[in-house]
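Given next are the chains, with one letter for each unit.
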Amino acid sequence: MAAVEKLSFDVLVVGGGIAGIETAINLGNNGLNVLLVEKDLTLGGKMIMLSKVFPTLDCGACITTPKISEVARHPNVTIFTNTVIKSIKKQDMHYFKSLLVRNPRYVIESACTGCQLCEMACPVVVPDQYQYEMVGRKAAYIPFSIACPRVAAIDIEHCTLCGACERVCPPKCIDFTQEPIEFQVIIKAVIIATGFNLFDPAQIKRFQYGQAKNIITAMQMERLLAPTRPYNHVLRPGDGKIPDKIAYVLCVGSRDRTVNNPICSQICCMYSIKQAQLLMGALPMADVTIYYINIRSYGKGFEEFYEQAKGMGVNFIKGKVGTISEKENGSLILRYEDICTGKLKEAEHDLVVLSAGVLANQDATGFFSDDRWEKDEFHFARQNDLFFNPALSSIEGVFLAGTTYGPMDIPDTILSAGAASMEAIRYIKQMALKI
Amino acid sequence: MSKKIGVYICRCGCNISDYVDVEKVRASAEKEADVVLAKTMVFACADSSQKEIINDIQNGVINSFVIASCSPKLHLPTFQAVAERAGLNKYEYVHANIREQASWAHSDDKEGATAKAVQLVRAAIAKVRFATAIEPIEIQTQQAVLVIGAGVAGMKAATSLAKMGVKVYLIEKEHFIGGRVAQWDVLCLTEETGKDLVTRFYNDVVMDKDITLFTGAELIESSGSKGNFKVKIKITPRYIKDFCEKEKMRRAIEVCPVEVIDDFNFSITKRKAIYHNFPSQYPLVAVIDMKNCTRCGKCEKECDKIDFSQKEKIIEIDVGSILVATGFDPYTPRKGEFGYEEYDNVITLPQFKRLVAINDKELKWNGRQVKTIAYIYCVGSRQLEGENKYCSRYCCSTTICAAIKAGEKFHDLSHFHFTRGIRTYGKQEMFFYEASKQGQVFLQSFEDEPPRVMRKNDRTIVCINDILTNRREIEVDADLVVLVTGMVPRSHGRISEILKLPRGRDRFFNEIHMKLRPVETVIDGVTIAGACQGPQNVVEAINSALSAAIKSYSFVSRDTLQVEPIVAEIDAGLCTWCGACAKACPFDAVTQINLEGKEIASVNMTVCKGCGMCLPVCPVNAIQLKTFSDDEVEKMIGVLAQEL
Ligand SMILES: Cc1cc2nc3c(=O)[nH]c(=O)nc-3n(C[C@H](O)[C@H](O)[C@H](O)COP(=O)(O)OP(=O)(O)OC[C@H]3O[C@@H](n4cnc5c(N)ncnc54)[C@H](O)[C@@H]3O)c2cc1C
Ligand code: SF4
Ligand code: SF4
């Protein structure tokens, strides 16, 4: 590893999803120097992958990209992508010290023009994680067209070192000699905006996810519906057929003690209703049925959005789905309890979407080895003073933004990011007065 | 300098290109005079596209440009910033909306959508030919913020701003601060009571020398713009001087002969016309409610601090930003709605919460012991017929929580919840789980068949056709029926008119963008926080208060601010001062002045919002709107009206 570089900033923001981006912009606009660290190759988190967002039906990419471009060019914000946090430690009353490792892209970031010639030349194809494995990508690749930075990277795990990319790259920016760089950063405050993980439905065997071909997650459906979609149409992954009876199974991995996640994920009812509406637009002939326990359309404009979906002809069935099984033709049989009639019923659908829930991302536990980083009983970051300072973590000077402390949608994420920014600025101002 | 126009046509992923043939639009644009470059882009707003435009400008290929993409509401500022970063004046860029106005509006007619997009782009090109550099107007900012409403959101915003070194005026319409939270006992999710929480906030407020708190204070006038608002506040006195002795005050209250309904306890108790605060209400000084006081003078004899000579005051202050945090009112059911005001044991959720708070050993209502409680959900929310279509968000969790807390305080209660599907979102799901585990009963009605409340043999019965037990008719004989009333915006007097703040269909204040800018409003410099924007719980309201505070801070943290130079201009030669424009202006920006002996109209540039209302009323056509001159608009119409 190359020698340790030393840097200092006012605030370290960990996580480049919408929470981290909004926080960095807020802080930067108020004159603070910010280091924004993202472990992925690109900023944007989950939001940039979304098709349209409820309840405004704005295109996800269209409202995320301007934020990203604002943060990317902000004079007070430095961005490290592909970077992991090794540790964050309180040094004294005023400062934290953090160790980061910036992993190599094997591409000289400043020289790459994003021409994608390397991508075309690369012979290796692997599943594309940004399209949730529904299509392939190359080992030399740009994550997606609106990635930021829009710069190639080499997936060294899969690369065969054939050198094809090196030969075609016009600015000669492929560099296999790059090594991880370690940084030591001194900061006054930290914001944790590491977001959430999605529940893996393969854990629930009776739903057959990963076994039956035409069962996908809602995130995969987001991709099928997005402007930068993989097949340029909504198709069943199993055989490329246009589906005409689509089912949504709600609360997958949420409100479920058998998978140790008793809480409600707060967003899945709404994103499913949104997708149902988009599907009615994309496939006017299709039937869409949503199997739910309770519909939680609680936010501003949500109930109206739910009513709108009913008006458009989306079927809502109050019922818990017991099992899903695959027929030979790839269609799926759902066995469910129809609560309104109290009967066990079966229904056939040709595509099933599992609305997987939100789980805590517990990475931050690893950052703070000897400080008192606390979690709540659901493994989310603990808010130390819920009503008075919702953004405060269990460590003074460390603030929380976004889904780090619980499931939430984009507007709530934006509000929490505003709160974390305000608290961080206030904290730094106050600490400056103490000697 | 001759115009070298660049035209960038956005596919918006496929939001536009699915319906509009962008290549055709590009080809048509390219043929227009002065257009030197026309490109299509996947996402014009993406960082890489922005860089491409900047390069075209900086390499001298173009010196003005048109973006044809989504609504300017979304991205006008994005591309204005692009122009500026490239060293171009932002008014040398013109926007054409070919998504909302072409592709989405005509998704059933691709040819028509394309033809319309072609015309819209040509019109934009016609306009950009006129484009000249204009400079923004600079104003000196007032480094102070007016916060309206001293509930928890307002107080949190005020203290945060003050800690950033900003002068804050916090005004509260009531004589006591704390808003609704002061009225709550133990709050969900913690062991803290509303009183504890309000006390913490209040201590922060009074300890901060940068916060000036006015109670009994209402906004009555506002003028100016972001960075520099002039506001007038009317202050109603307490009619009691500070530092009065406790015992004297107690006696003064005792002798007051007037009894009125106590709003603090949501009408379940009475108070006097001179009344003291509840322990959770600050400041700790009593007040005389002049609306109900008969001036009998009895209290004056008991306490020498009573002072009927105190006068209403109007003060004027200058602030750079206004933060509105006026909160909500609980919905008031109609007479007869689920037996409200018809049967004496039907009360609302806020009343129930006060009842639990003020009862000690036994839960009693009207002298009778309460054992069985029926809660009817969604009263005033999710209405099928009424106006309130929205879900009030807080009530499912709050009710379950209140039922659990009531059960802890008073034993042997039975709870029956008549719901429309429980919405304990997020971690609040645990309340639902807990209550179910305790054996509280949850029933659910069909959407079109709400529960009914009726009287049988002098008992109040709630009856439901229950979804959860297979449409069984269930009747509950209840000692107390609690109507789970939703949130409606607090009656804020004239605030929305005075500040010209738009409200949504749900009558809550509207934000600029529900997703990304939830605390900013279309009135630059005015932010909204807490439940005045939409139903919220305490944590959500505090988050929104802090977000609003940081946005308000950005209007006052610098010495000067720039405002849009798109304002009306008066041609002094043509104007004959008839006053028509002054009457038409909704912002009072037009005044009469004397210019070298001639009476003419004059526009205050920092107040003018460029709405254009004054233009059509001028009989001599002496007014032009910058960047929208008659010439420009006529040329655009000319193009749009042309047959292709
Ligand atoms: C299928 C689906 C559809 C949705 N649709 C909508 C919708 O229509 N409307 C809506 O309002 N909401 C929607 N949501 C919710 C929305 O996605 C979230 O509210 C939002 O993404 C939360 O933002 P965040 O920044 O907190 O988290 P994330 O988006 O998860 O971002 C976290 C970021 O932190 C990075 N990170 C994680 N760990 C580390 C680490 N250790 N070091 C450095 N970086 C790290 C991640 O790579 C990521 O970039 C949807 C969610 C899903 C799953
Ligand atoms: S939001 Fe809806 S789908 Fe998601 S866990 Fe909650 S109730 Fe289930
Ligand atoms: S939160 Fe619950 S009680 Fe309140 S309106 Fe929504 S669904 Fe009804």
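Rules behind the numbers
- Throughout, a residue's number is its position along its own chain's written sequence, starting from 1.
- Chain letters and ligand numbers both follow the written order, the letters beginning at A and the numbers at 1.
- Where totals are concerned, whole chains, interfaces and linings use all residues; where local detail is concerned, this predicted model gives features only for residues with pLDDT of at least 70, and gives and counts side-chain atom pairs only at 80 or more.
- No hydrogens and no water enter the side-chain calculation; it runs on all heavy atoms of the structure.
- Throughout this description, the term salt bridge denotes a Lys or Arg side-chain nitrogen within 4 Å of a carboxyl oxygen of Asp or Glu.
- Relative accessible area decides the class of each residue, using a 1.4 Å probe on protein chains only: under 20% of the type maximum gives buried, over 50% gives exposed, and in between gives partly exposed.
- Residue ranges assigned to the domains are those given by an automatic or database domain assignment.
- Think of it this way: DSSP has to see at least two bridges between two strands before they count as a pair.
- Helix and strand definitions here come from DSSP, where helices need a minimum of 4 consecutive H or I residues and strands a minimum of 2 consecutive E residues; each element is numbered from the N-terminal end.
- Axis lines are fitted through C-alpha atoms, for helices just across the contact stretch, and the angle between N-to-C directions can take any value from 0 to 180 degrees.
- Note on contacts: a residue pair is in contact if any heavy atoms of the two residues lie within 4.5 Å.
- By convention, the term buried area covers the 1.4 Å-probe accessible surface removed from two parts as they join, with the contributions of both added.
- Pairs of N or O atoms are called polar contacts if they sit within 3.5 Å, as long as, within protein, a hydrogen donor faces a hydrogen acceptor (for residues adjacent in sequence, only side-chain-to-side-chain pairs).
- Charged residues are taken to be Asp, Glu, Lys and Arg, nonpolar residues to be Ala, Val, Leu, Ile, Met, Phe, Trp, Tyr, Cys and Pro, and polar residues to be all remaining types, Gly included.
- By convention in this document, the label disulfide applies to cysteine sulfur atom pairs within 2.5 Å.
- Here a residue counts as near a molecule or strand whenever at least one of its heavy atoms sits within 4 Å of it.
- Pairing of aromatic rings covers Phe, Tyr and Trp, the last through its six-membered ring, and needs centres within 6.5 Å; plane angles under 30 degrees mean stacked, over 60 mean edge-to-face, and all others mean tilted.
- Confidence of the predictor in every single residue is expressed as pLDDT, which spans 0 to 100.

**Observations regarding the pattern of salt bridges**
Residues and elements named next belong to chain B.
In step 1: Tallied over the full model, the rule gives 69 salt bridges over all chains.
In step 2: One salt bridge connects Glu362 with Lys364, and the closest N-O pair in it is separated by 3.6 Å.
In step 3: Accessibility expressed as a relative area gives 36% for Glu362, which makes it partly exposed.
In step 4: The closest approach of N and O atoms between Glu497 and Arg494, which form a salt bridge, is 3.6 Å.

**A few points about the domain arrangement of chain B**
In step 1: When cut into domains, chain B gives domain 1 (5-134), domain 2 (144-236 + 312-327 + 490-556), domain 3 (246-302), domain 4 (329-488) and domain 5 (564-626).
In step 2: On a C-alpha basis, the centres of domain 1 of chain B and domain 2 of chain B stand 40 Å from each other.

**Some details on the sheet that holds strand S6 (residues 144-148) of chain B**
Residue and element names in this part refer to chain B.
In step 1: Judged by pairing direction, the sheet is parallel, and its five strands sit side by side in the order S8-S7-S6-S16-S29 without closing on themselves. Across the chains shown, the open sheet's two edge strands, defined by having one partner strand only, are strand S8 (211-215) and strand S29 (526-528). The sheet shows a mean angle of 20 degrees between the axes of neighbouring strands, direction not considered.
In step 2: In this sheet, strand S16 (residues 321-324) lies alongside S6 in parallel orientation, the contact comprising four bridges. By the bridge assignment for S16, Leu146 is matched with Ile322.
In step 3: Contacting S6, strand S7 (167-172), S8 and S16, helix H6 (residues 152-163) runs over the sheet at an angle of about 165 degrees to S7.

**A closer look at the interface of chain A and chain B**
In step 1: Chain A puts 78 residues into the contact, and the matching count from chain B is 81 residues.
In step 2: Summed over both sides, the interface between chain A and chain B buries roughly 6500 Å², with carbon and sulfur atoms accounting for 61% of that surface.
In step 3: Where chain A packs against chain B, one counts 12 salt bridges.
In step 4: Taking the shortest distance from any N to any O, the salt bridge between Glu447 of chain B and Lys310 of chain A comes out at 3.6 Å.
In step 5: For the interface between chain A and chain B, the tally reads 32 residue pairs in polar contact (both at pLDDT 80 or more).
In step 6: Listed by contribution, the elements that provide at least two residues to the side of chain A that touches chain B are helix H1 (18-29), strand S4 (52-53), strand S5 (58-59), helix H2 (60-72), helix H7 (302-312) and helix H9 (410-433) of chain A.
In step 7: Top element by residues in the side of chain A that touches chain B is H9 of chain A. It accounts for 15 residues.
In step 8: Tallied by class, residues from the side of chain A that touches chain B come to 36 nonpolar, 20 polar and 22 charged.

**Remarks on the state of the cysteines**
Residues and elements named next belong to chain A.
In step 1: Summed over all chains, the structure comprises one disulfide over all chains.
In step 2: Between Cys59 and Cys62 runs a disulfide, and the two sulfur atoms are separated by 2.3 Å. Its torsion about the S-S bond being 85 degrees, the disulfide of Cys59 and Cys62 is classed as right-handed. When sorted by exposure, Cys59 lands in the same class as Cys62, which is buried.

**Structural notes on the site of ligand 1**
In step 1: Taken together, 38 residues form the shell around ligand 1, and within it Glu38, Lys274, Thr403 and Met408 of chain A together with Lys515 of chain B come nearest.
In step 2: In this structure, ligand 1 sits where chains A and B come together, each supplying nearby residues.
In step 3: At 3.2 Å from a nitrogen atom of ligand 1 is found a main-chain nitrogen or oxygen belonging to Lys39 of chain A.
In step 4: Within the side chain of Thr403 of chain A, a nitrogen or oxygen atom sits 2.7 Å from an oxygen atom of ligand 1.

**Notes on the environment of Thr323 of chain A**
In step 1: If you trace the backbone, Thr323 of chain A turns up in strand S19 (residues 315-326).
In step 2: Other than its neighbours up to four places away in sequence, Thr323 of chain A contacts Arg206, Ile333, Leu334 and Arg335 of chain A.

**Observations concerning the site of ligand 2**
All names here are of chain A.
In step 1: All residues in the neighbourhood of ligand 2 are listed as Leu250, Cys251, Ser254, Arg255, Cys264, Ser265, Gln266, Ile267, Cys268, Cys269, Asn294 and Arg296.
In step 2: When contributions to the shell around ligand 2 are tallied by element, the ones reaching two or more residues are strand S17 (245-252) and helix H6 (268-282).
In step 3: Here the residues of the shell around ligand 2 are counted per class, giving six nonpolar, four polar and two charged.

**Digging into helix H12 (residues 429-437) of chain B**
All names here are of chain B.
In step 1: Regarding H12, the residues found buried are Glu429, Met430, Phe431, Phe432 and Ala435.
In step 2: Looking at the packing, one finds that the buried side of H12 touches helix H11 (395-409) and strand S23 (441-444).
In step 3: Immediately downstream of H12, the backbone of Gly439 shows phi near 95 degrees, a positive value.

**Quick look at the packing of aromatic side chains**
In step 1: Scanning the entire structure with this criterion turns up 23 aromatic pairs over all chains.
In step 2: With a centroid separation of 5.0 Å and an interplanar angle of 15 degrees, the aromatic rings of Phe65 of chain B and Tyr93 of chain B are classed as stacked. Residue Phe65 of chain B is located in strand S3 (residues 64-69), and its partner Tyr93 of chain B is located in strand S4 (residues 93-97); the two are separated by 28 residues in the primary sequence. Comparing Phe65 of chain B with Tyr93 of chain B shows no difference in burial state: the two are buried.
In step 3: Between the aromatic rings of Phe176 of chain B and Tyr275 of chain B, the centroid separation amounts to 5.9 Å while the plane-to-plane angle is 65 degrees, which identifies the pairing as edge-to-face. Of this pair, Phe176 of chain B sits in the loop between S7 and helix H7 (194-207) while Tyr275 of chain B sits in strand S13 (residues 274-275), and the two are 99 residues apart along the sequence. For the pair formed by Phe176 of chain B and Tyr275 of chain B, the shared burial category is buried.
In step 4: Taken together, the ring pairs connect Phe54, Tyr298 and Phe302 of chain A together with Tyr425 of chain B into an aromatic cluster.

**Thoughts on the domain arrangement of chain A**
Size of an interface: often given as the accessible area lost when the parts come together.
Residue and element names in this part refer to chain A.
In step 1: The domain architecture assigned to chain A consists of domain 1 (5-103 + 180-195 + 361-433), domain 2 (117-168) and domain 3 (199-358).
In step 2: Here the C-alpha centre of domain 3 lies 31 Å away from the C-alpha centre of domain 2.
In step 3: With six residues of domain 2 at the contact, the number on the domain 3 side is seven residues.
In step 4: Contact between domain 2 and domain 3 buries roughly 710 Å² in total, counting both sides, with carbon and sulfur atoms accounting for 67%.
In step 5: Among the residues domain 2 hides against domain 3, the three largest losses belong to Gln131, Tyr132 and Met134. Together they make up 76% of the total.
In step 6: Here domain 2 and domain 3 share zero salt bridges between them.
In step 7: Seen at the junction of domain 2 and domain 3, the total is three residue pairs in polar contact (both at pLDDT 80 or more).

**Points about unusual backbone geometry**
In step 1: Omega for the peptide link from Phe54 of chain A to Pro55 of chain A comes to -15 degrees, which places this bond in the cis form.
In step 2: On the secondary structure map, Pro55 of chain A appears in the loop between S4 and S5.
In step 3: Pro149 of chain A follows Cys148 of chain A through a cis peptide bond whose omega is 0 degrees.
In step 4: With respect to the secondary-structure elements, Pro149 of chain A resides in the loop between strand S11 (140-141) and strand S12 (153-154).
In step 5: Its identity as a non-glycine residue notwithstanding, Arg471 of chain B has a phi of 60 degrees, on the positive side.
In step 6: Within the secondary structure layout, Arg471 of chain B lies in the loop between strand S25 (459-466) and strand S26 (472-478).

**As for the environment of Pro171 of chain A**
Residue and element names in this part refer to chain A.
In step 1: Here Pro171 shows up in the loop between helix H4 (164-168) and strand S13 (181-187).
In step 2: Sequence separation between Pro171 and Thr113 is 58 residues; the distance between their C-alpha atoms is 7.9 Å.
In step 3: If sequence neighbours within four positions are ignored, Pro171 has contacts with Ala111 and Thr113.

**Describing the confidence of the model for chain B**
In step 1: In the predicted model, chain B carries a mean pLDDT of 93, and the fraction of residues at 70 or more is 99%.
In step 2: Taken together, the chains of this predicted complex give a pTM of 0.91 and an interface ipTM of 0.94.

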